[in-house]
Amino acid sequence: MKRRRWALCALLALLLGCLPGRETASPAANPVELPAESRFVALTFDDGPRRDTTARLLDGLRERGASATFFLVGQQIAGNEDLLRRMRDEGHQVGNHSWSHADLKSESDGGFQQEIGRTDALLRETLGEGDYWLRPPYGFLTAHQRQLLTVPAVKWSVDPEDWKLRNTEKDVAAVLQGVQPGDIILMHDTIPATVDAALRIVDALQAEGYTFVTVEELLALSGVEAQPGVFYCSVAAVEG
C-alpha cells in the first residue's frame, strides 16, 4: 500500500509539474497523455459513514491496496470520527454529501449554505483544514448554487444503482460491463451487499490492470485541474 502510494505521489508530482500554475484552476486544455497501459478508476461511496459496513469496506480496501473517495453525510459522523481519521490515514479522499442528505437544489441560499457548511465544519474539526469536495445528494445543484461553491463537485459515469438492487451479483455485473479507464463509480457504503460487491469489483479490475485512486488523484493523473463549481463525471465528462 505504501509503495503504491509513493509511486502515485511521484507520478502526480511529475504531471502537476508540467501544468501551468494558475490562481484559478480549470480543466486542462491539453490533458497529459498517460502511457497506454495506465488504467485508473475512482471508486466512490455515498451516505456513510456507517459503523459496521464502512469499517468492513475499509478493511477490504486496505488489504487490496485500493484507494476510494467517501462522500459523507454530516449527521452520520458523530460517533464515527475514528472511521474518518482512518479514511484520511489510509489514503482515501473524504468529501461532503450535505448535512441531512437534502435535495439541495430545492434549498434557499441559507439552507444550502447550512447543509454544506455544517458538514464542512465538522470535517475540518475532525480531520483538519482542507478542501472537502462536494457530491450533492441526487447529483443536482442549480446554476446559482454552483457559483457559490468554493470546491469542485463530483458526479459519476458508472452507476450500478446498488441502492435499489441490493444484490451483490447484480452490482458487480452492472459495474464490470460498462467501466472504462477514467470512470468515476458511484456506490453506497451503508449497504452490506454493496461492500461485498465493491471488493469483488476491486479484485476483478485489479486483475485486469486497473489501479484504484481517489477522484482528486484521477483528475490530476489525467492532467485535469479541478475547478470550484464544476461537475466532474469522469476524466472525459465535465459539466462546466
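Analysis parameters
- Residues numbered from 1 in each chain as written.
- Predicted model: local features only at pLDDT ≥ 70, side-chain atom pairs only at ≥ 80, totals over all residues.
- Heavy atoms only, no water.
- Phe/Tyr/Trp six-rings, centres within 6.5 Å; stacked < 30°, edge-to-face > 60°.
- Helix = DSSP H or I, 4+ residues; strand = E, 2+ residues; numbered from the N terminus.
- Lys NZ or Arg CZ within 6 Å of the ring centre and 35° of its normal.
- Buried < 20%, exposed > 50% of the residue type's maximum accessible area, 1.4 Å probe, protein only.
- Pairing = 2+ DSSP bridges.
- Right-handed = clockwise from strand over helix to strand, strands pointing away.
- Salt bridge = Lys/Arg side-chain N within 4 Å of Asp/Glu carboxyl O.

Applying the stated rule across the entire model yields 1 aromatic pair. For the pair phenylalanine 45 and phenylalanine 70, a centre-to-centre distance of 5.4 Å together with 25° between the ring planes defines the contact as stacked. In this pair, phenylalanine 45 sits in strand β1 (residues 40-46) while phenylalanine 70 sits in strand β2 (residues 69-72), placing the two residues 25 residues apart along the sequence. Its guanidinium or amino end placed over the ring of tryptophan 99, arginine 118 lies 3.9 Å from that ring's centre, counting from NZ or CZ. Cation over ring: lysine 155 sits above phenylalanine 231, and NZ or CZ is 4.8 Å from the ring centre.

To continue, consider the environment of leucine 148. Tracing the sequence through the fold places leucine 148 in helix α5 (residues 143-148). Residue class for leucine 148 comes out partly exposed when judged on its relative accessible area of 29%.

A few words now on the pairing of β2. What you see with β2 is no split at all: Thr69 and Phe71 on one side and Phe70 and Leu72 on the other are buried throughout. Alignment of β1 against β2, held across 3 bridges, turns out to be parallel. Its bridge partner being in β2, aspartate 46 is matched across the sheet by phenylalanine 71. This β-α-β element, β1 to helix α2 (residues 51-64) to β2, shows right-handed connectivity. Bridge count between β2 and strand β3 (residues 93-96): 4 bridges; the pairing is parallel. Among the inter-strand pairings, threonine 69 is bridged to a residue of β3, identified as glutamine 93. Between β2 and its parallel partner β3, the chain crosses via helix α3 (residues 81-89), and the hand of that crossover is right-handed.

Taking strand neighbours across the sheet as the criterion, the 3 strands line up as β4-β7-β8 in an open arrangement whose pairing is mixed. Looking at which strands have only one partner, the edges of the open sheet turn out to be β4 (153-154) and β8 (238-239). Inspection of the sheet shows β4 paired to strand β7 (residues 231-232) by 2 bridges, in the parallel sense. Looking at β7, one finds that alanine 153 is bridged to phenylalanine 231.

Tallied over the full model, the rule gives 17 salt bridges. Its salt-bridge partner being arginine 135, residue aspartate 46 comes within 2.9 Å of it at the nearest N-O pair. Residue aspartate 46 is located in strand β1, and its partner arginine 135 is located in the loop between α4 (109-127) and α5; the two are separated by 89 residues in the primary sequence. Comparing aspartate 46 with arginine 135, the two get one shared label, buried. In this structure, arginine 88 engages aspartate 89 in a salt bridge whose closest nitrogen and oxygen atoms are separated by 3.0 Å. Since its relative accessible area comes to 35%, arginine 88 is described here as partly exposed.

Limitation: the analysis is restricted to geometry and does not speak to function.
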